[in-house]
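Structure assessment
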Amino acid sequence: MEIFNIVKDNKRSLREKSTPIEDTSDKKLETTLLDMIDYLKNSQNPEWAEKNKVRAGVGLAAPQIGINKDMLAIYFKDEDGTEHQYGFMNPRIISESVKLAYLEGGEGCLSVDSEHPGYVYRNYKVTFRAYNILTKKVEERSFLGYEAIVFQHEYDHLKGILFYDHIDKKDPFRKNNDAIAI
Ligand code: NI
């Protein structure tokens, strides 16, 4: 089981744009992406996380482990225990809702150790086209609410964007009454 060294936000590479993956059947990238999902899953086990000194995370993008390629992983369980796990190569947003949503508690990031309070408004619904490592197919998938926010956060990493870039500097908790609080 791989313990990744997480690239922090003081590193330039985290601000660079990632490049598309030419060969989605590349075995090394495939293994890395599956390891990224496992890493997230393990990070949510408090004993494992403490032992290995890692923070719990629900999403991870390849630039965060030092690979500036278009690849991201998601893993979380919802209240009824349903697992949401994805490993995407070359994700692209093909449509998004006008409706916005935000996390009331704000966002966090494994690459960001300092506090950045404030709301990050994102699209409530988003549809991606991507190569899904778990099905080995190019798929279109739509996500809503919390899941859509997590995906957009990770997708931003592929553009060199961090969550706090979206926070209003003058008024971090600016209210948008049309946005759904999650
Ligand atoms: Ni992040």
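Reference entry: report on the structure contained in this document. Keep in mind that what you see is a predicted model, and the values were worked out from it rather than measured.

All right, on to the overall build of the chain then. When helices and strands are tallied, the chain shows 3 helices and 8 strands. Against the globule reference of 16 Å for 182 residues, the chain gives a C-alpha radius of gyration of 16 Å, in line with a compact fold. When its C-alpha atoms are laid out on the principal axes, the chain stretches across 45 × 40 × 35 Å. Put simply, the chain has 182 residues, and 47% of those count as buried. Summarising the internal contacts of the chain: among those between residues at least 6 apart in sequence, 71% fall at separations of at least 24. Counting every atom, the chain has about 9,700 Å² of accessible surface; 48% of that belongs to carbon and sulfur.

Each strand in a sheet pairs with its neighbour through backbone hydrogen bonds, running either in the same direction (parallel) or in the opposite one (antiparallel). The strand order S1-S2-S3-S6-S7 describes an open sheet built from 5 strands, whose pairing is antiparallel. The outermost strands of the open sheet, each flanked by one partner alone, are strand S1 (59-61) and strand S7 (137-144). Along the sheet, successive strands turn relative to each other by an average axial angle of 40 degrees, direction set aside. Relative to strand S3 (residues 83-96), strand S2 (residues 71-77) runs antiparallel, the two sharing 7 bridges.

The 3 strands are arranged S5-S4-S8 in an open sheet whose pairing can be described as mixed. The open sheet has two edge strands, strand S5 (122-123) and strand S8 (180-181), and neither has a second partner. In this sheet, S5 lies alongside strand S4 (residues 100-102) in antiparallel orientation, the contact comprising 2 bridges. Considered in S5, the bridge of alanine 101 is made with arginine 122.

Right, let's get into the coordination of the nickel ion. Distances from the nickel ion to its protein donors, Cys109 (SG), His153 (NE2) and His157 (NE2), fall at 2.1 to 2.2 Å. Between the donor residues of the nickel ion, the gaps in sequence give the motif C-x43-H-x3-H. Of this pair, cysteine 109 sits in the loop between S4 and S5 while histidine 157 is found in helix H3 (residues 145-157), placing the two residues 48 residues apart along the sequence. Exposure remark for cysteine 109: the relative accessible area of 4% places this residue in the buried category. The exposure class assigned to histidine 157 is buried, which follows from its relative accessible area of 1%.

Turning our attention to the pattern of salt bridges. The final tally for this structure, using the stated rule, is 12 salt bridges. Put simply, lysine 8 and aspartate 113 hold a salt bridge, and the shortest N to O gap is 3.1 Å. Remark: aspartate 113 occurs in the loop between S4 and S5 and lysine 8 occurs in the segment before helix H1 (27-43); sequence separation between them is 105 residues. Taking the relative accessible area as the measure of exposure, lysine 8 reaches 26% and is therefore partly exposed. Assessed through its relative accessible area of 54%, aspartate 113 is described here as exposed. What emerges from the salt-bridge pattern is a single network uniting Lys8, Arg55 and Asp113.

The rules we used
Residues numbered from 1 in each chain as written. Predicted model: local features only at pLDDT ≥ 70, side-chain atom pairs only at ≥ 80, totals over all residues. Heavy atoms only, no water. Helix = DSSP H or I, 4+ residues; strand = E, 2+ residues; numbered from the N terminus. Rg over C-alpha atoms; globule rule 2.2 N^0.38 Å. Buried < 20%, exposed > 50% of the residue type's maximum accessible area, 1.4 Å probe, protein only. Contact = heavy atoms within 4.5 Å. Areas by Shrake-Rupley, 256 points an atom, 1.4 Å probe, with all protein chains shown as cover. Pairing = 2+ DSSP bridges. Axes fitted to C-alpha atoms, helices over the stretch in contact; angles between N-to-C directions. Donors = N, O, S within 2.8 Å, 3.2 Å for Na, K, Ca; no water. Salt bridge = Lys/Arg side-chain N within 4 Å of Asp/Glu carboxyl O.

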